[in-house]
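Residues per chain, in single letters:
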Amino acid sequence: TSVYVLNGPNLNLLGTRRPEVYGSTTLADVEELCRQEAGKLGLELEFLQSNHEGQLVDWVQEAGARVAAGDCLGAVFNPGAYTHTSIALHDAIEGASLPVVEVHISNVHAREEFRRHSYVSPVARGVVVGFGVYGYVLALRGLHHSAGLG
Ligand code: DQA
């Protein structure tokens, strides 16, 4: 069984982009962290990043099809700024019936007002916010748990 970890725009710059907000860990480090946790949970990992909304929609649909085929638990998803703008991602998650745990590295509620609204949260299983990159680990565990696997 697999799990997707999807990352949206600008997360490829993790480590150098606003380290006072997002920390100095790189996306490659986050991938390694996720690989270790997925390994412990007995899951295969698809770790992906794109700056393009349509690509993220395609991956949500792909993951949803794999869930329907019984071959995937769902996705941990940090949609970056598309969180706050994308009805397309909302519709994709809902349409694909994809179990999603939404992750934000920073505490989006303690920042600008425009970061407080999410189009993804209403169609997410759960949301992890403000724990830095460790949030990805928490989200993987949460997804595993909510799939009834312990
Ligand atoms: C983010 C928060 C978003 O508001 C922002 O646009 C990002 C990163 C986070 O992980 O804290 O790109 O999703």
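Sequence order as written defines the numbering, with residues in each chain counted from 1. This being a predicted model, a pLDDT of at least 70 is required before a residue's local features are given, and a value of 80 or more before pairs of side-chain atoms are given or counted; all residues contribute to the totals for chains, interfaces and linings.

Each residue receives a C-beta atom placed from its backbone. It is near a molecule or strand if this atom lies within 6 Å of it. All residues adjacent to the ligand are N10, N78, G80, A81, T83, H104, I105, S106, V108 and R115. Under the scheme applied, nonpolar residues are Ala, Val, Leu, Ile, Met, Phe, Trp, Tyr, Cys and Pro; charged residues are Asp, Glu, Lys and Arg; polar residues are all the others, including Gly. When its residues are assigned to classes, the shell around the ligand shows 3 nonpolar, 6 polar and 1 charged.

All right, on to helix α4 (residues 87-96) then. The α-helix advances 3.6 residues per turn, and as a result positions three or four apart in sequence lie on the same side. The exposure label follows from counting other C-beta atoms within 10 Å of a residue's C-beta, where the C-beta atoms are placed from the backbone and the thresholds are 20 or more for buried and 12 or fewer for exposed, leaving partly exposed in between. Helix and strand definitions here come from DSSP, where helices need a minimum of 4 consecutive H or I residues and strands a minimum of 2 consecutive E residues; each element is numbered from the N-terminal end. Looking only at α4, the buried set comprises L89, A92, I93 and A96. Mapping the buried residues of α4 onto a view down its axis gives an arc of 95 degrees, with all of them on the same face. Contact between two residues is assigned when their C-beta atoms, built from the backbone, lie within 7 Å. Of the surrounding secondary structure, the elements contacted by the buried residues of α4 are α3 (53-68) and β4 (100-104). Where α4 terminates, the next one or two residues include S97, which has phi positive at roughly 50 degrees. Here, the arc refers to the directions that run from the helix axis to the C-beta atoms.

Before going further, it helps to spend a moment on the UniProt feature "active site" (unreviewed entry) in the chain. UniProt positions are given in the numbering used here, feature names are shortened, and annotations may be inferred rather than shown by experiment. Under the UniProt annotation, the feature "active site" (unreviewed entry) is placed at Y22 and H104. These residues run over 83 residues, yet every pair of their C-alpha atoms falls within 9.5 Å of each other. Residue placement: Y22 occurs in helix α1 (residues 19-22). You can call Y22 partly exposed: it has 19 C-beta atoms within 10 Å.

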